[in-house]
Every structure is written in C-alpha cells, then in structure tokens.
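# Chain and residue survey
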Amino acid sequence: MYAKLFRNNIKRALEDYVVYFFTLVISSTLFFAFLSLTSRYNDILGGDGNYSLTLFQNTIRYAVLAISIILVALILYINTYMLKQRSREFSVYMILGMEQRTIAKQFFGETFVFGIVAVLTGCVLGTVLSGMMTTFVIRTVAGSGEFRLGFYPDTVMITLLFFGTAFLLVGAWNIRRIYKIRLIDLLNEKKANEGQQKKKGSYLVSLIITLICFGIVGAALYQFSHISGIFAGNIPQEISNRYQAVAIVAAIAGIFALYNALAFIITVIRKCRIGKKSISWKKSISWKNHNINSVLLGNLFQKISATARILSISTLAITVSLVAFVILPMLAEIGAGYLDYRMPYDIMIYNTYMYIDEMEDIPEINFSFIGDILQEHGVAVSEEVSQRSYFVWERDFNTVDTREYWRDLPRLAMKISEYNAMRGMAGFEPVPLADNEFFMHLDYEMDMESTEESIGTGTRKLQLDDGSVLVLADTAVYNEPLGTYLFNSGESVLVFPDAVCDTLHLARTCYYANTETVIPYNLCDSIREEISGAFRNRYEYLFDRYEAKYDTDIHYYSFIDPIRFRTQENNDTVLTVTSIRLLGIYSGIIFFIICMTVLALHGVADSIDHRMQYRTLYQIGVDRDDIVRMVSRQSLYYFFTPCVIAFMIALMLIYSFVVRYGHKVFTYIGSTGFQFGVMIPGLLIVLILICYYGATIYTIRRNLVRTLNNIK
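What you see is a predicted model; the values in this text were computed from it and never measured.

Cut-off values and rules
Residues numbered from 1 in each chain as written. Predicted model: local features only at pLDDT ≥ 70, side-chain atom pairs only at ≥ 80, totals over all residues. Heavy atoms only, no water. Pairing = 2+ DSSP bridges. Helix = DSSP H or I, 4+ residues; strand = E, 2+ residues; numbered from the N terminus. Axes fitted to C-alpha atoms, helices over the stretch in contact; angles between N-to-C directions. Contact = heavy atoms within 4.5 Å. Core = buried A, V, L, I, M, F, W, Y, C linked by side-chain atoms within 4.5 Å. Buried < 20%, exposed > 50% of the residue type's maximum accessible area, 1.4 Å probe, protein only. Patch = residues over 30% accessible without salt bridge, like charges linked within 9 Å, V, L, I, M, F, W, Y side chains within 5 Å. Areas by Shrake-Rupley, 256 points an atom, 1.4 Å probe, with all protein chains shown as cover. Salt bridge = Lys/Arg side-chain N within 4 Å of Asp/Glu carboxyl O. Lys, Arg positive; Asp, Glu negative; His and termini not counted. Charge placed at Lys NZ, Arg CZ, Asp CG, Glu CD. Polar contact = N/O pair within 3.5 Å; in protein donor to acceptor, adjacent residues only side chain to side chain.

Okay, the sheet that holds strand β7 (residues 492-496) next. In spatial order, the strands read β5-β6-β4-β7-β3-β2-β8-β1-β9; together these nine strands make up an open sheet with mixed pairing. Among the strands making up the open sheet, the edge pair consists of β5 (461-463) and β9 (560-565). Here the strands of the sheet are splayed against their neighbours by 30° on average, with no regard to which way each runs. Bridging between strand β4 (residues 437-442) and β7 involves four bridges; their strand directions are antiparallel. By the bridge assignment for β7, Met-440 is matched with Leu-494. On the sheet, helix α17 (residues 521-538) packs against β1 (347-351) and β9 and is oriented at approximately 150° with respect to β9.

It is characteristic of soluble globular proteins that their nonpolar side chains tend to be buried jointly. With 113 residues, the main nonpolar core has Ile-318 and Met-596 as its most contacted residues. Here the element with the most residues in this core is helix α19 (residues 566-609); it accounts for 17 residues.

On to the environment of Leu-71. Tracing the backbone through its elements, the reader meets Leu-71 in helix α3 (residues 54-85). On the basis of relative accessibility, which here comes to 2%, the residue Leu-71 falls in the buried class. Taking the C-alpha atoms as reference points, Leu-71 and Phe-591, separated by 520 residues in sequence, lie 9.2 Å from one another. Those residues in contact with Leu-71 that lie beyond four places of it in its chain are Ser-27, Phe-163, Ile-590 and Ile-594.

A few words now on a nonpolar patch on the surface. A contiguous nonpolar surface patch, about 400 Å² in accessible area, is contributed by Leu-204, Ile-208, Ile-212, Ile-216 and Val-246. In terms of residue count, helix α8 (residues 200-227) provides more of the nonpolar patch than any other element does, four residues in total. Take Ile-208: it is sitting in helix α8.

Where like charges cluster on the molecular surface, the negative patch consists of Asp-372, Glu-376, Glu-529 and Glu-530. At the level of secondary structure, the elements contributing two or more residues to the negative patch comprise α13 (368-376) and α17. With respect to the element layout, Asp-372 can be found in helix α13. Taking relative accessible area as the criterion, Asp-372 reaches 51% and is therefore assigned exposed.

Here the focus is the pattern of salt bridges. Going through the model one piece at a time under the given rule, you end up with twelve salt bridges. One salt bridge in this structure joins Asp-361 and Arg-545, with 2.4 Å as the shortest N-O distance. One end of the pair, Asp-361, is in the loop between β1 and α13; the other, Arg-545, is in helix α18 (residues 540-550), with 184 residues separating them in the sequence. Under the relative-accessibility criterion, Arg-545 is labelled partly exposed at 49%. A salt bridge links Glu-547 to Arg-536, with the nearest nitrogen and oxygen atoms 2.9 Å apart. Placement of Glu-547 in helix α18 and of Arg-536 in helix α17 is noted, with a sequence separation of eleven residues between them.

All right, on to the side chain of Ser-36 then. One can find Ser-36 in helix α2 (residues 18-36). By relative accessible area, Ser-36 is classed as buried at 0%. Filtering out sequence-adjacent residues up to four positions away, Ser-36 remains in contact with Asn-42, Ser-130, Tyr-152 and Thr-155.

Another aspect to go through is the environment of Asn-488. For Asn-488, the location among the structural elements is in the loop between β6 (469-478) and β7. In sequence terms Asn-488 and Arg-411 are 77 residues apart; their C-alpha atoms lie 6.1 Å from each other.

Checked against the element boundaries, Asn-514 lands in strand β8 (residues 506-515). Residue classification places Asn-514 among the buried residues on the basis of a relative accessible area of 9%. Here the side chain of Asn-514 touches Asp-346 through a polar contact of 3.1 Å, landing on its backbone nitrogen. Apart from the residues within four sequence positions on either side, Asn-514 is in contact with Pro-344, Tyr-345, Asp-346, Val-381, Ser-382, Glu-383 and Met-425.

Pasting the structure below:
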C-alpha cells in the first residue's frame, strides 16, 4: 500500500510542482556544465604551452560552488512550501492511523527521488551544454575550435554529491519537523495569512519612506552624473564609492518599504466611492466596478500584504541578477580591451626612482643583459628600446620623506626619438617635432576633446631651468596606446626634442622589446627571476643603500617592477575575462531562476488556495472567461511587478557604473560592444521570464479549469 501511495505522490508532484522540477533541471544542468570546465578529463586547450588553465579552473570551480550554496536555501524553501501545501493531506494520514515517522519517511523519499530524477536529467542536458561551453572557451582563448561532446565522470559525481547532500540535509530537517509536529498544528499549517489591514499610519510611513528613499537615489545619481565632467578620465574611487553607497542603501530601503506602500494604494482604490466627503476618483471607481475587478483588488491586497517580505527579497535578488548579467560581461570586455593598451609589446620592464633619496643615485640602466638571458632560453629579440624619462625641472624631484602622498610624483619628459621608436614597435607611424617644440602624450582612456579644449585656453609655452623656452606644437596631443609605463604621475607625459632632454636630469629608464618567437608561458616566471637577479647584481649599491629602509613599505617591490610578458598577461587576462563572462551569466541565471521559482510557486499556490472563491463566483453567475481573465491578470501583476521594479533599479545601478568608469566603457568596448553586452543578457532574461511565466500561467489555468469543470 505504501509503495502505491509513494508512486502516486511522485506522479502528482511532477504535475503540481513542474516549475520546481524545471528549476532543478536547469540548476543541475548549469552546475554540471560549468564544473565540467574544471574536470581533469577535460583538456580544453590540448596542452598548449602558451596557456595555463590553473587560475581559470580554480576561479570557476570555487566561484560556482560558492554561488550554488544558495540553491540549498532554495531547496529548503521549496520543500517547506511543499510540506505546507500538503499539511492537511498528512493530517488525514495521521487520523487514519499512519505513524508520523512513516509520513516523514514517505515525504523524504518522494522529495529525494523527485530531486535525483531532476538532477540526472540535468546531467544529461549538461553534457550537451558542456560541449558548447568548452567550444566557447577554446574559441575565446585560441581563436578557433570545433564542438566536442565529452563525458566527465568526476563532474557527474560532484554534481550528484552536491545536490544529493542538499536533499539529505533538507530531508533530515523535514523528517525532524514532521516527526515532532502536532496534529492540530498540522491542520492549521496551511491557513493563509489574509494580509490584515494595518493601521493607516504605518501605511503612510511606508509610503513616505519609499518616496524619500527613491528621491535620494535619484538625487545621488543626478549629482554623480554631473560631476563626471569635472574629471577628464575616471571619477576618483572615493567619490564614486560615496555616491554609489548612498544610492544602493537608499534603493534597498526603498524596496522593502515599497510593497507596503503598494498595499496602501490598493486599499485607497478599494475604498474610493462617490460622495461629498470621499475621494472622487471616477476613473478608479469605473475600473474597480468593472466586472469582478473589486475581487481582483482584494486578492492583490491580500497577496501583497501577506508576502511583502518575499516580494522585497525577490526584487532585490532579481536586481542583483540583472546587474550581474550586464556589468560582469562588460567588465570582461573592458579587461580584454585593456590588455592591448597595457601590453602593446612582448616584454615591458618598469623602472622607478620612488625609493631613491639622492638624485645622483638614479642609475642610467643598460638593459643589454636581457637579450643574453632571452638568448639562453631560445628567444631572440626583434626590436627593443630603452625609454628614458627626465625631470622637466630638477626641483620636482622628491623623496618618500618629502612627498605628501606616496603617488605625489611630477610629470616627466621623454625623447622624441625613443617615442617614435615605441610608436613603430606598437604599429603606429612616427610623428614630427621641431627643435623648439613639445607636445603631450595622454593616457588612452582620457578624453582628447576636453583636454585639447583646456590646452587651447591655457599657455602654450614652457620655460626650462636653463632659461630655454619650448612652444607647444600644432598637434598638441597624442593618445595612441603605448602602455602605462610612460606616465609617472597623472595621465600624461611630455615629449621633447632629443637635444633638450640631453640637458635634463635622468629620472628613470624603462625597457620595451618585441621577440621573434613567442615566449613559452612556463618560462616567464623563471626569466623574470633571472632578470631581477641580474639587475640586482649590476646595481647592487641601490639595494645596499635603500632596501633596508623601504623594505617594510607596502608599495615597495624592487627598483625594476613589474616585469611583464605578453604571453603571461594574455593568458591571465583572457582566461580571467572568460571566467568573469561565464560567472556573470551563471550567477545571473541562478539568482533569476530562484526568484522566478518562488514567484511561480506562489502563483500556483494561489490558484489552489482560492478554489472555493472561484467556485462561488462561477455558481453565482460570473462568466467563466471573466474568472479566467481575472486569475490571469492577478498572476500577471504579481509575477511581473518585482521584475519591473528590479529592472528600473538595475538600470540606475548600471547607469552609475557607466558614469563611474567615465570613458573606459566606450574606449575599450565601443557603443556596439556596449549594446551587444546589454542586449544579449536582456534577451536571455526575457527568454527565461517568458518560459517561467508560461509554465506558471499554464499550471494555474489548468487548475482553474479543473476546478470549474468539477462543479455540477
């Protein structure tokens, strides 16, 4: 008998909780597909020595596991919800003599089998999705690749272990709860909170708080957007943090006050009537009195007031998912574009005088030893340049003890010959410069137009310490991406004629080189150590004089640091960018489907809880189509209200992100890339939303038709 009951309950659960089953299938599919990228059986790049997958796989593995922990909370929530929906059924079993322990075991077995079937289905579908994702990674990193389908036993085991453990923990909790619950409590378990009206004062307070909070959000974003014009590049971090923190905190407080305010607005509409002392809203009254809209208003008030906290949390979670969908892929695109700007050469070595106290100790570095080290590893240099920077005025030299801030460093100047050599190595044409002229090279991220306008209104002459005067060239500004090492402080460097720089005091010497062959990834660290060791041996006096003094400074590393290789930077950046893209999609989908599941199940539960109401309306003569239309409209309002509110808040947060990073978005992504980064996630969100709403409204209408058809 128990076996037959078990089979019937499983079949009924698949019919009544199809949304939950669908959610588990999607979650396990995504979990399997993403973790398959970290499987030891999945050799994504086929042992390519130019790449190392360790960082990428560790990032994906631990991030997916951390994000997926929230699925345990979802499983617990849904199981509790299922228990509440079936509480009267279990009470009947107890009245008929079934032991609570048996009921608990039956419920645990049903939910466990239900969940495992969904997870196994997800593993099968995840195998296909895994092949697609592996192909995506290969094409992103290597540029080309074919679709390949693979089976990964370790990923299957981890997926079953993760979800199986979640089912066991939640099942143990439910067994304990059923075993200890009393019959009277079980009978009362499913009594719905009818959302009793609160005092008018509390509703007004919620409405006022909502208006104040979203007013603060609007004011903060308005002020934030208008200060962006003050900065030619990015807004300083401390200013951005201040404005965005205020906007986020106010938005969260506004979300939690909003739904009580909506309940208050519904209450006002319900009480509108024509009279001398009453509110005279004829349109609201006309709509309210049309067909059975008054019943719809009552149901909406009951549902919103009873589930205000759930709606608030769902709105917040949907907002997080929307932001993750858009901003994380955008950050990935920025990172990919920034790589070409930061590493235009195969080798880049930075030198600094920040930790040298005497100007006479600044060395004129001879980097010829680097070619010897590379030659020993079978790497030949095709072109190179030692780029020297000079103090425009010697009085600008300062030490750690005299600087107000550790980055308080002056703008430097460089030779036109070395500047043109760097342009040639980066693939740009050389530029001319007369003997008495100079120009400015800007950071690639800075706004050229605003800088040229500010230069046009200022002085165009520069007097040096020896009394000579330089005139700003006709083309005063260049900003091609030549790397970040050109800039000592700020976001620009001056370019002088060679003869002028020969009269100035040397500040530092950086090194740039291109190689004939690619430097293997596994050699980069060892070559870096050899270069650092060789530099220490050649300029040992610097370390003897200053390393002991500055060794405890958190910003001190060495007198040449960082030493970067394109192979290593390309590997780390491309794979990090790829992982950010994937994790943005994963986290966005997980948060979104969790919220959709909660909203969908509440909608389905309403169609079950209000069966008597629908029967009564039908029996007193209300048309069947009107009842179906009312139920569909109620589900539509309840389902889409959190989505619309979350969309508007997420739009403001995304806007603040664009404002914060100034020209970085359009510099490294471009308007087309930005639209692509927003439109693709948007289409994915719409697709998920339509699927969940379609499944929800189908289940609700099926329950409603079944209820009305049973009326004799």
